[in-house]
Amino acid sequence: MSGLAIHKINKAYGPVNALSNISLNVENGKFLCLLGPSGCGKSTLLRIIAGLESASDGRIVLDGSDITKVPAHLRDFGMVFQSLALFPHLSVGENIAYPLRIRGASKDIQKAEVARLLNLVHLPGVADRAITQLSGGQRQRIAMARALALKPKLFLLDEPMSALDAKLREAMQVELKRLQQELGITTFLVTHDQREAMTTADLVVVMSGGVIQQVAPPLEIYRKPANAFVADFIGAANLIDGKVVANGRVSVPGGEVAGMDAPSSGTLTFSVRPEDLELREEASDSSMSGRIAFTRHLGAAVEVNVAVQGMSKDLIVALPPRKESRLAVGQAVHVHVPGAACVVLR
């Protein structure tokens, strides 16, 4: 099989399991995000793929060849670290050319590759500048250019945008995706930023506690979360407990939800996104009743918290700003919950 195959990777630090039974198959040319909270094992997995750490057991196969025991410097991978790790005493061009120089490339080849890579990352003409003269976003592009100098088989990035301000980070996410598509290089990005994963990835790997929770395209992760952790971690989600009372009908605090794809009996937990809910003056056959506890403006939407008796957390409803004018804290409301938008969780 062409691409990267990870077979049952485990990593233990003494009695602590950092990774448990990790298996993935990634086709060549795909952009994959390892997403999860701090300490979930995503950076450890990336370092094992890179060869910077060894797995306790398991195998890594690239294009049919087992590379599990191949040293990092022989894997032909490019890597960008969170710190970027640029050399401050070298110029921009010298930083980019460094991996070529240590491989014995001629000065003419180094110069040509530096020019090509600077054009690729939209920074032509800065080869002679000092690293200290560049902005944060420019330094990030130089780190990417250096990692790409040897035309690597895999491009590995460990939270390289975490130190950037929000606006620059979003701009660089678009630049990274553009660059990856242009080169067609298999890319792994470690991030804890859900928006970053949704923006850039072809596939998102959601991790928690050293275990893969779900692997799917970004929209599927958002719309069809596999379990409560994924639903709660990716964007805002309402997690609601209920009891099946009839075919497709579920009794919930403050009312009932109809039209759900639910089991024929028993209790369950389901998720529904804030933008799928509506506020109505009258109860419907699929609604929950409560009172407005809090509202806040988010620019493109207004977030309304609705307290429902029997729920430990408020329901969150996202509304267009024009629908917010008549809402007041303490007001009784009915939250319409469309059954088709609800996802029953494992």
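The structure this text deals with has already been given above.
The following refers to the structure shown.

The rules behind the values
Residues numbered from 1 in each chain as written. Predicted model: local features only at pLDDT ≥ 70, side-chain atom pairs only at ≥ 80, totals over all residues. Heavy atoms only, no water. Helix = DSSP H or I, 4+ residues; strand = E, 2+ residues; numbered from the N terminus. Buried < 20%, exposed > 50% of the residue type's maximum accessible area, 1.4 Å probe, protein only. Contact = heavy atoms within 4.5 Å. Areas by Shrake-Rupley, 256 points an atom, 1.4 Å probe, with all protein chains shown as cover. Core = buried A, V, L, I, M, F, W, Y, C linked by side-chain atoms within 4.5 Å. Expected span 1.5 Å × (residues − 1). Arc of directions from axis to C-beta. Phe/Tyr/Trp six-rings, centres within 6.5 Å; stacked < 30°, edge-to-face > 60°. Lys NZ or Arg CZ within 6 Å of the ring centre and 35° of its normal. Pairing = 2+ DSSP bridges. Axes fitted to C-alpha atoms, helices over the stretch in contact; angles between N-to-C directions.

### Quick look at the overall build of the protein
Counting its regular elements, the protein contains 8 helices and 20 strands. Each principal axis of the C-alpha atoms in the protein carries an extent, and together these give about 75 × 45 × 35 Å. Across the 346 residues that make up the protein, the buried fraction comes to 46%. Sequence separation of 24 or more characterises 66% of the internal contacts of the protein that already satisfy a separation of 6 or more. Per element, the accessible surface of the protein, about 16,700 Å² overall, is 51% carbon and sulfur.

### Regarding the nonpolar core
The biggest cluster of nonpolar side chains holds 45 residues, and the ones touching the most others in it are Ile142 and Phe155. Here the element with the most residues in this core is helix H4 (residues 136-147); it accounts for 5 residues. Apart from residues lying up to four places away in sequence, Ile142 is in contact with Leu86, Val92, Ile96, Leu118, Leu123, Ile131 and Leu134. Ranked by size, the runner-up nonpolar core spans 26 residues in total, among them Val26, Ile67, Val205 and Met207.

### Examining helix H5 (residues 166-183)
Compared with the 26 Å implied by 1.5 Å per residue over 18 residues, the 26 Å span of H5 between its first and last C-alpha is a close match. For H5, the full list of buried residues reads Met172, Gln173, Leu176, Lys177, Leu179 and Gln180. Seen end-on, H5 carries its buried residues on one side only, within an arc spanning 160°. Opposite the packed face of H5, turned more than 90 degrees from it, sit the exposed residues Lys167, Gln181 and Glu182. Along its buried surface, H5 packs onto strand E3 (31-35), helix H3 (107-120), H4, strand E7 (154-158), strand E8 (186-191) and helix H6 (194-200). Just downstream of H5, Gly184 is the residue with a positive phi angle, here 65°.

### Let's talk about the packing of aromatic side chains
This model, assessed by the stated rule, comprises 2 aromatic pairs. Judged by centre distance (5.5 Å) and plane angle (10°), the rings of Phe229 and Phe233 are stacked. Of this pair, Phe229 and Phe233 both sit in helix H8 (residues 228-233), 4 residues apart, roughly one helical turn. Given the relative accessible area of 26%, Phe229 is considered partly exposed. By relative accessible area, which is 16% here, Phe233 ends up buried. Taking NZ or CZ as reference, Arg146 lies 5.3 Å from the ring centre of Phe87, over its face. The residue whose ring lies beneath Arg273 is Tyr222, and the NZ or CZ to ring-centre distance is 4.0 Å.

### Structural notes on the sheet that holds strand E1 (residues 4-13)
The 4 strands are arranged E2-E1-E4-E5 in an open sheet whose pairing can be described as antiparallel. Because the sheet does not close on itself, it has two edges, and the strands there are strand E2 (16-26) and strand E5 (65-66). In this structure, strand E4 (residues 57-62) lies alongside E5, joined through 2 bridges in antiparallel fashion. Looking at the pairing, Val61 lines up with Asp66 of E5. Sheet strands touched by helix H1 (residues 42-50): E1, E2 and E4. Its angle to E1, the strand with the most contacts, is close to 120°.

### Topic: unusual backbone geometry
Unusually for a residue other than glycine, Leu84 sits at a positive phi of about 70°. Mapped onto the elements of the fold, Leu84 is located in the loop between strand E6 (77-80) and helix H2 (92-102). For Leu84, a relative accessible area of 13% puts it in the buried group. One non-glycine residue, Ala85, lies in the positive phi region at around 55°. Checked against the element boundaries, Ala85 lands in the loop between E6 and H2.

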